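A look at the structure
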Amino acid sequence: MIAFWVLAPLMVVAALGMVLVRKAVHSALLLAVVMVSLAVLYAAQEAPFLFAVQIIVYTGAILMLFLFVLMLVGVDSSDSVVETIPGQRLAATAVGLLFGLLLVLGVAQATLSASVGLGEANADGNVDALATLLFGRYILAFEITSALLITAAMGAMVLAHRERLSPKQRQSDFAAQRMRDYAESGKHPGPLPVPGVYARHNAVDTPALLPDGSPSSISVSRSLQSRGLVRTSSPTDVERTTAELDAALDPDAPSAGHVERGSGR
Amino acid sequence: MNTEHYLTLSALLFTIGATGVLVRRNAIVVFMSVELMLNATNLAFVSFSRAHGQLDGQVAAFFVMVVAAAEVVVGLAIIVAIFRSRRSASVDDASLLKY
């Protein structure tokens, strides 16, 4: 009784929010609220087996599948506001309101006899009674369900499978491609320089310094460069680093006058 | 607790789901609305099951859940396949048959 009056408004609000929010991830989470509340209502209506199945299958499996696909498709793929058919949204809302009014009025008109309750049917336990029905009267439907599940699994595998259009690149192919690039455009075949070489810090946002003291732009990640997070360096960094190193190695030596040694640290 | 209250809640949830199918453009949200409609009918099944004192309604709800699981798997696979080929999950973009 209390569960219904607490959960029913919550479910209606969450369902409305699911339809109205723009981000699909928020829709999925609001749908989870509806489904868990529904599970509680099943428990309140003497259906403990369906309570467990609702939580395990719907909230556990189906909603997780939704979230997986959302992450695959892109979390920020929100709806466009442009209407393909003009006035479609308004008309759909009107149709929805009328349909809801029709259903609610229909339910209100009906006179139902007093609820019998499942005390007698659940006498041996809900799961036992359901199993007797499932493997008795509904055995054919149950068996056909297995065919449906196998077909669905095969269909999902076929639909999600992607044919490889080009042969797979192997390590020898990559090596040959690198040497070809070197021969054609002079691109260095070795690995890229790591950030921080000869610089004052070795953090990933510090570009490596070339022997003449200028920063090497290929040593820092391109995404850091596009975000503008690369630490700037000055041509005197080499000398300062050398001085610091020398001071640390030999406390007696003067801290300046190493310019002539250049970068040969 | 009256059966009518549960049926009214079920009707409201079904209506919200149906409106969601009509209004939303994102295929995944449309699928979620379909799931909401299926859940609403399940609530009606369970309510009627208790009203009549028989468990057949609960068995029907169980089968609805099985079919919904199969439907979601295939539907989401179709959405992923469409997304791969045209980089969009909007139902408006899958309109090649129109022309």
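Cut-offs used in this document
Residues numbered from 1 in each chain as written. Chains lettered and ligands numbered in written order. Predicted model: local features only at pLDDT ≥ 70, side-chain atom pairs only at ≥ 80, totals over all residues. Heavy atoms only, no water. Helix = DSSP H or I, 4+ residues; strand = E, 2+ residues; numbered from the N terminus. Rg over C-alpha atoms; globule rule 2.2 N^0.38 Å. Buried < 20%, exposed > 50% of the residue type's maximum accessible area, 1.4 Å probe, protein only. Contact = heavy atoms within 4.5 Å. Areas by Shrake-Rupley, 256 points an atom, 1.4 Å probe, with all protein chains shown as cover. Salt bridge = Lys/Arg side-chain N within 4 Å of Asp/Glu carboxyl O. pLDDT = per-residue confidence, 0-100. Phe/Tyr/Trp six-rings, centres within 6.5 Å; stacked < 30°, edge-to-face > 60°. Buried area = accessible area lost by both parts, 1.4 Å probe. Nonpolar A, V, L, I, M, F, W, Y, C, P; charged D, E, K, R; others polar. Expected span 1.5 Å × (residues − 1). Core = buried A, V, L, I, M, F, W, Y, C linked by side-chain atoms within 4.5 Å. Domains from an automatic or database assignment.

The next thing to look at is the overall build of chain B. The secondary structure content of chain B amounts to 3 helices and 0 strands. Secondary structure of chain B in N-to-C order comes out as α-α-α. A compact globule built from 99 residues would reach a C-alpha radius of gyration of about 13 Å, whereas chain B, at 17 Å, exceeds it by more than 25%. Principal-axis analysis of the C-alpha atoms gives chain B an extent of 50 × 25 × 20 Å. Here chain B holds 99 residues, and 61% of them are scored as buried. Considering only contacts in chain B between residues 6 or more positions apart, those separated by 24 or more positions represent 56%. Within the structure as shown, chain B displays about 3700 Å² of accessible surface, and the carbon and sulfur contribution to it stands at 68%.

Below, the discussion takes up the environment of B:Ala61. Mapping B:Ala61 onto the fold places it in helix H3 (residues 56-86). With relative accessibility at 0%, the residue B:Ala61 sits in the buried group. Through-space distance from the C-alpha of B:Ala61 to that of B:Thr15 is 19 Å; in sequence the pair is 46 residues apart. Setting aside anything within four residues of it in sequence, one finds B:Ala61 in contact with A:Leu50, B:Asn42, B:Phe45 and B:Val46.

To continue, consider the pattern of salt bridges. As enumerated under the stated definition, the model contains 1 salt bridge over all chains in all. Among the salt bridges present, the one from B:Asp56 reaches A:Arg137, with a minimum N-O distance of 2.5 Å. One end of the pair, B:Asp56, is in helix H3; the other, A:Arg137, is in the loop between helix H5 (126-134) and helix H6 (139-160), on a second chain.

A separate point is the confidence of the model for chain B. For chain B, per-residue confidence averages 89 on the pLDDT scale, and 97% of positions sit at 70 or higher. Model confidence for the complex is summarised by a pTM of 0.74, with the ipTM given as 0.92.

This paragraph deals with the packing of aromatic side chains. Counting across every chain of the model gives 7 aromatic pairs over all chains. Between A:Phe49 and B:Phe62 the ring centres are 5.8 Å apart and the planes differ by 45°, which places this aromatic pair in the tilted class. One end of the pair, A:Phe49, is in helix H3 (residues 48-73); the other, B:Phe62, is in helix H3, on a second chain. Look at A:Phe49 and you get partly exposed, because its relative accessible area is 27%. Taken together, A:Phe49, A:Tyr138, B:Phe62 and B:Phe63 form an aromatic cluster joined through their ring pairs.

All names here are of chain A. Mapped onto the elements, Thr 241 comes out in helix H9 (residues 237-249). Judged by relative accessible area, Thr 241 falls into the buried class, the value being 8%. Spatially, the C-alpha atom of Thr 241 lies 7.2 Å from that of Ala 199, the residues being 42 residues apart in sequence.

On to the interface of chain B and chain A, then. Every contact between the two is made by 66 residues of chain B and, on the other side, 79 residues of chain A. Contact between chain B and chain A buries roughly 6700 Å² in total, counting both sides, with carbon and sulfur atoms accounting for 74%. Looking at the side of chain B facing chain A, the largest losses of area belong to B:Met32, B:Arg50 and B:Met65, adding up to 10% of the total buried there. Between the two partners, chain B and chain A, sit 1 salt bridge. Contributions of two or more residues to the side of chain B that touches chain A are made by helix H1 (3-23), helix H2 (27-52) and H3 of chain B. Looking at the side of chain B that touches chain A element by element, the count peaks at 22 residues for H3(B). Grouping the constituent residues of the side of chain B that touches chain A by class yields 42 nonpolar, 16 polar and 8 charged.

Here the focus is helix H1 (residues 2-20) of chain A. Under the 1.5 Å per step criterion, the end-to-end length of H1(A) is 28 Å for 19 residues, consistent within 8% with the ideal 27 Å. Within the sequence span of H1(A), burial applies to A:Phe4, A:Leu7, A:Ala8, A:Met11, A:Val12, A:Ala14, A:Ala15, A:Gly17, A:Met18 and A:Val19.

Here the focus is the nonpolar core. Nonpolar side chains tend to gather and get buried jointly when the protein is soluble and globular. Within the largest apolar cluster, 62 residues are counted, with the highest numbers of intra-cluster contacts made by A:Phe66 and B:Leu9. Where this core is concerned, the elements lending two or more residues are H1, helix H2 (24-44), H3 and H5 of chain A together with H1, H2 and H3 of chain B. Of the residues forming this core, the biggest block, 12 residues, is contributed by H3(B). The two domains that each donate at least three residues to this core are domain 1 (1-80) and domain 2 (124-157) of chain A. With sequence-adjacent residues up to four places away left out, B:Leu9 is seen in contact with A:Phe4, A:Ala8, A:Met11, A:Val12, A:Leu41 and B:Leu43.

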